[in-house]
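Summary of the model geometry
Residues per chain are reported as follows:
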Amino acid sequence: MLVAAAVCPCPPLLVPEVAAGAAPELDAARAACTDALGVLAASRPDLLVVVGPAEKSGRGPHPEGARGSFAGFGVDLDVRLGRPDGEGTDPGTGGAGPASPERELPSSLAVAAWLLERTGWSDAPVEGLGVGEPLEAERCVQAGRQIGERAGRVALLVMGDASACRTLKAPGYLDERAEGFDAEVARALAAADVTALKTLDTSLAHALKAAGRAPWQVLAGAAEGAGLGGALLYDDAPYGVGYLVAAWS
């Protein structure tokens, strides 16, 4: 059963070495992520599953110890997911099969691995799941339900950005629908509103380049019946992209 969840944004700019001179601009977001991970640790989980958006090559399960790199962003920095000697299984199939350790983590899970290393995570085994942006809502919810059944006490670290269309200089340019979409997601995360996350407009999320939509709906599936409460720890769009941090417990 899901006992806690942390929701964090996943821009590589969260990593100070990647952000370089702009690193201080996301100090508040990093601090909020640290607080959210503290909620996960306090829940004493038996298993932590990290879920984040992924391109095709990074979709599916990633075992504990899987490697990630920020070399593609011009930084010689490698990370590993959780404890490096972990075995890892498929969180999307109830542990039915092993995941390949050779595949590199998608950038969202690499950022998660960096956050876990930064906070010294050692509280429970860690597994990763990369989900594709086109994944239908019901399949996301079903994946979440399966994750929730993986152990007696499951925690989720959910990586994903809100819209990328909040300003003229945003990656997706300005879309006047973006602010309202992000506000509704922020409200749902603050209230741990499972129904609202399940029913997010997938077409609108796609148009607004909201990479967190599928991971948030995985969270919704895992949280069914868990009775968790939510708290919104950060809500801003410093680069025209909505970054949200929340904790459920």
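Above this text is the structure in question.
So, here's what we can say about the structure. (Residues numbered from 1 in each chain as written. Predicted model: local features only at pLDDT ≥ 70, side-chain atom pairs only at ≥ 80, totals over all residues. Heavy atoms only, no water.)

Attention now goes to the pattern of salt bridges. Enumeration over the complete set of coordinates arrives at ten salt bridges. Residue Arg150 pairs with Glu127 through a salt bridge whose shortest N-O separation is 3.0 Å. Note that Arg150 is positioned in the loop between helix 4 (137-148) and strand 7 (154-159) and Glu127 in strand 6 (residues 126-131), a separation of 23 residues in sequence. Taking relative accessible area as the criterion, Glu127 reaches 8% and is therefore assigned buried. Between Asp175 and Arg177 there is a salt bridge whose closest N-O contact spans 2.8 Å. Linked by salt bridges that have partners in common, Glu138, Arg145, Lys198 and Glu224 make up one network. (Salt bridge = Lys/Arg side-chain N within 4 Å of Asp/Glu carboxyl O. Helix = DSSP H or I, 4+ residues; strand = E, 2+ residues; numbered from the N terminus. Buried < 20%, exposed > 50% of the residue type's maximum accessible area, 1.4 Å probe, protein only.)

A few words now on the packing of helix 4 against helix 8 (residues 213-223). Pairs of packed helices are described in terms of their axes, by the angle between the two and the distance that separates them. At their nearest, the axes of helix 4 and helix 8 sit 6 Å apart, and the two run at 50° to each other. Judged by the inter-axis angle, helix 4 sits oblique to helix 8. Our pair here, helix 4 against helix 8, has a crossing hand that is right-handed. Taken together, the residues of helix 8 that come into contact with helix 4 (itself represented by Ala137, Cys140, Val141, Gly144, Arg145, Ile147 and Gly148) are Arg213, Ala214, Gln217, Val218, Gly221 and Ala222. (Axes fitted to C-alpha atoms, helices over the stretch in contact; angles between N-to-C directions. Parallel < 35°, antiparallel > 145°, perpendicular 65-115°, else oblique. Left-handed = near helix turned anticlockwise from the far one by under 90°. Contact = heavy atoms within 4.5 Å.)

Another aspect to go through is the sheet that holds strand 6. Sheet strands pair via backbone hydrogen bonds, and the direction of the pair is either parallel or antiparallel. Spatial strand order, 3-6-2-7-1-9-8: seven strands in an open sheet with mixed pairing. With partners counted over all chains shown, the strands left at the sheet margins are strand 3 (60-62) and strand 8 (230-236), one partner each. Recorded for the sheet is a direction-independent mean angle of 20° between the axes of neighbouring strands. Both strand 1 (residues 2-8) and strand 7 contribute to a ladder of six bridges, which runs parallel. Each residue of the ladder has a partner; that of Leu2, found in strand 7, is Val154. The strands that helix 4 touches are strand 1, strand 2 (47-53), strand 6 and strand 7; relative to strand 7, the one it contacts most, it runs at about 145°. (Pairing = 2+ DSSP bridges.)

Per the counting criterion, the structure on display carries one aromatic pair. Their ring planes at 45° and their centres at 6.4 Å tell us that Phe70 and Phe73 sit as a pair that is tilted. For Phe70, a relative accessible area of 0% corresponds to the buried category. (Phe/Tyr/Trp six-rings, centres within 6.5 Å; stacked < 30°, edge-to-face > 60°.)

What follows is about the packing of helix 2 (residues 27-42) against helix 3 (residues 107-118). With their axes 10 Å apart at the nearest point, helix 2 and helix 3 run at an angle of 75° to one another. The angle between helix 2 and helix 3 places the two elements in the roughly perpendicular class. For the pair formed by helix 2 and helix 3, the contact residues are Arg30, Cys33, Thr34 and Leu37 on the first element and Trp114, Leu115, Leu116 and Arg118 on the second. Each residue belonging to the contact of helix 2 with helix 3 can be placed in one class, and the counts come to five nonpolar, one polar and two charged. (Nonpolar A, V, L, I, M, F, W, Y, C, P; charged D, E, K, R; others polar.)

Our focus in this paragraph is the pairing of strand 8. Here six bridges tie strand 8 to strand 9 (residues 243-248), and the two strands are oriented antiparallel to one another. Paired with Ala231 across the strands is Ala247, a residue of strand 9. Here strand 8 folds back onto strand 9, and the loop between the two strands holds six residues, one of which, Gly240, carries a positive phi near 80°.

A separate point is unusual backbone geometry. Residue Ala192 is not a glycine yet carries a positive backbone phi of 50°. Examined against the element boundaries, Ala192 turns out to sit in the loop between helix 5 (178-191) and helix 6 (194-198). Of the residues examined, Ala192 reaches a relative accessible area of 12% and is grouped as buried. Even without being a glycine, Lys209 presents a positive backbone phi close to 60°. Mapped onto the secondary structure, Lys209 falls in the loop between helix 7 (202-207) and helix 8.

Just geometry here; none of it tells us what the structure is for.
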